[in-house]
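Analysis of the macromolecular model
One-letter residues, chain by chain:
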Amino acid sequence: MATRTLGRAAKALLAPALALGATVGLASAPAQAAVWSSCEQYGNTSLNGYTLYNNIWGSGAGSQCIWANSGTNWGVWANHPNTGGIKSYPNAKKVINKSITSLGSLSSGYNVTVPSSGAYNTSYDIWDTGHKYEVMLWVNKTGAVGPLGTSQGTLTLGGHTWTVYKGNNGSNDVFSFVRTSNSSSGTVDVLPILKWIKDTKGWFGNVTIGDLQFGFEITSSSGGLDFATNSLSVSSS
């Protein structure tokens, strides 16, 4: 996939509707006042060990606003047109900065509320520190969306059954694990997946895992849709 992180080659076009989205979007946040909110293209903040990004990076994007009560309880209101191409990847990022062989464990729990319409996926986006490799873990998807690359078959690992895809976006290799059925909550044991890529497939060596992101990769959400991360946990040792 193309870049989805702050400060890296963003192609996003700031739509005029972003200013309007500031009013409409924040009205869709929880009844209690959020600790932080932003309708800026790359609005970001750090809360309790996580960095939150609004991250509207794709061309032809509409309006989007992010809110957060904490780094692990946050959401977005997004109104992106019904056109192809990823518009945004709002996410919460946890920095790991450990090589695969030095990790004793790496796991994450998630609980989300997502719309029944639109086109998007809910996914982990895991990067090595050199940004040569990207590992995506799709826990649910809706609409006309699909991973980059070609299918490598089906695998049960890390507590889930996935269809695995391998591809390259011109900047980095992308390994996508798409859950064979949608899930709105669960726990993913991430380390065995990384070890499978390294040891079983040899697709990369003992890379250092830099960022583990979790969020919503949104292609379209015409009319305005709400996405919420009710809870998130990332633990490593």
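Structural data are supplied above this passage.
Residues numbered from 1 in each chain as written. Predicted model: local features only at pLDDT ≥ 70, side-chain atom pairs only at ≥ 80, totals over all residues. Heavy atoms only, no water.

**Examining the sheet that holds strand E1 (residues 36-38)**
One key point about sheets: their strands pair by backbone hydrogen bonds, in either a parallel or an antiparallel sense. Overall, antiparallel pairing links the six strands, which are arranged E1-E4-E5-E15-E7-E13 in an open sheet. Strand pairing shows two members of the sheet lacking a second neighbour, E1 and strand E13 (185-189), which therefore form its edges. Neighbouring strand axes in the sheet, compared pairwise and without regard to direction, differ in orientation by 20 degrees on average. Bridge count for strand E4 (residues 63-70) against strand E5 (residues 73-79) is seven bridges, and the pairing is antiparallel. In the strand pairing of E5, Gln-64 is matched with Ala-78. On the sheet, helix H2 (residues 190-201) packs against strand E7 (106-113) and E13 and is oriented at approximately 45 degrees with respect to E13. (Pairing = 2+ DSSP bridges. Helix = DSSP H or I, 4+ residues; strand = E, 2+ residues; numbered from the N terminus. Axes fitted to C-alpha atoms, helices over the stretch in contact; angles between N-to-C directions. Contact = heavy atoms within 4.5 Å.)

**Regarding the packing of aromatic side chains**
By the definition in use, this model includes 14 aromatic pairs. With a centroid separation of 6.3 Å and an interplanar angle of 90 degrees, the aromatic rings of Trp-162 and Phe-177 are classed as edge-to-face. Linking Trp-162 in strand E11 (residues 160-168) with Phe-177 in strand E12 (residues 173-179), this pair joins segments that are 15 residues apart in sequence. Each member of the pair Trp-162 and Phe-177 is classed as buried. Here the aromatic cluster, defined as three or more aromatic residues joined through ring pairs, consists of Trp-74, Tyr-110, Tyr-120, Tyr-124, Phe-214, Phe-216 and Phe-227. Above the plane of the ring of Tyr-50 lies Lys-94, whose end atom (NZ or CZ) is 4.6 Å from the centre. (Phe/Tyr/Trp six-rings, centres within 6.5 Å; stacked < 30°, edge-to-face > 60°. Buried < 20%, exposed > 50% of the residue type's maximum accessible area, 1.4 Å probe, protein only. Lys NZ or Arg CZ within 6 Å of the ring centre and 35° of its normal.)

**A word on the nonpolar core**
One finds Leu-106, Tyr-124, Val-135, Leu-137, Phe-177 and Ile-197 to be the most contacted residues of the largest nonpolar core, which totals 48 residues. Considering each element in turn, this core owes the most residues, six residues, to H2. When sequence neighbours within four positions are dropped, the list of residues in contact with Leu-137 reads Thr-122, Ser-123, Tyr-124, Ile-126, Trp-162, Phe-177, Val-188, Val-190 and Ile-193. Of all hydrophobic cores here, the second largest spans six residues; its members include Ala-119, Met-136, Trp-138 and Val-178. (Core = buried A, V, L, I, M, F, W, Y, C linked by side-chain atoms within 4.5 Å.)

**Some details on the sheet that holds strand E3 (residues 50-53)**
Within the open sheet, the nine strands sit side by side as E2-E3-E6-E14-E8-E9-E12-E11-E10. Their pairing is mixed. Bordering the open sheet on either side are strand E2 (44-47) and strand E10 (150-157), each of which pairs with just one other strand. With direction set aside, neighbouring strand axes in the sheet form an average angle of 25 degrees. When E3 meets strand E6 (residues 91-99), the two strands line up antiparallel, connected through three bridges. Note on E6: the bridge partner recorded for Tyr-53 is Asn-91.

**Some thoughts on the pattern of salt bridges**
Any two side chains of opposite charge can pair if their charged atoms end up close together. Summed over the entire model, instances satisfying the criterion amount to two salt bridges. In this structure, Asp-211 and Lys-93 form a salt bridge, with 3.8 Å as the shortest nitrogen-oxygen distance. Of this pair, Asp-211 sits in strand E14 (residues 208-220) while Lys-93 sits in strand E6, placing them 118 residues apart in sequence. (Salt bridge = Lys/Arg side-chain N within 4 Å of Asp/Glu carboxyl O.)

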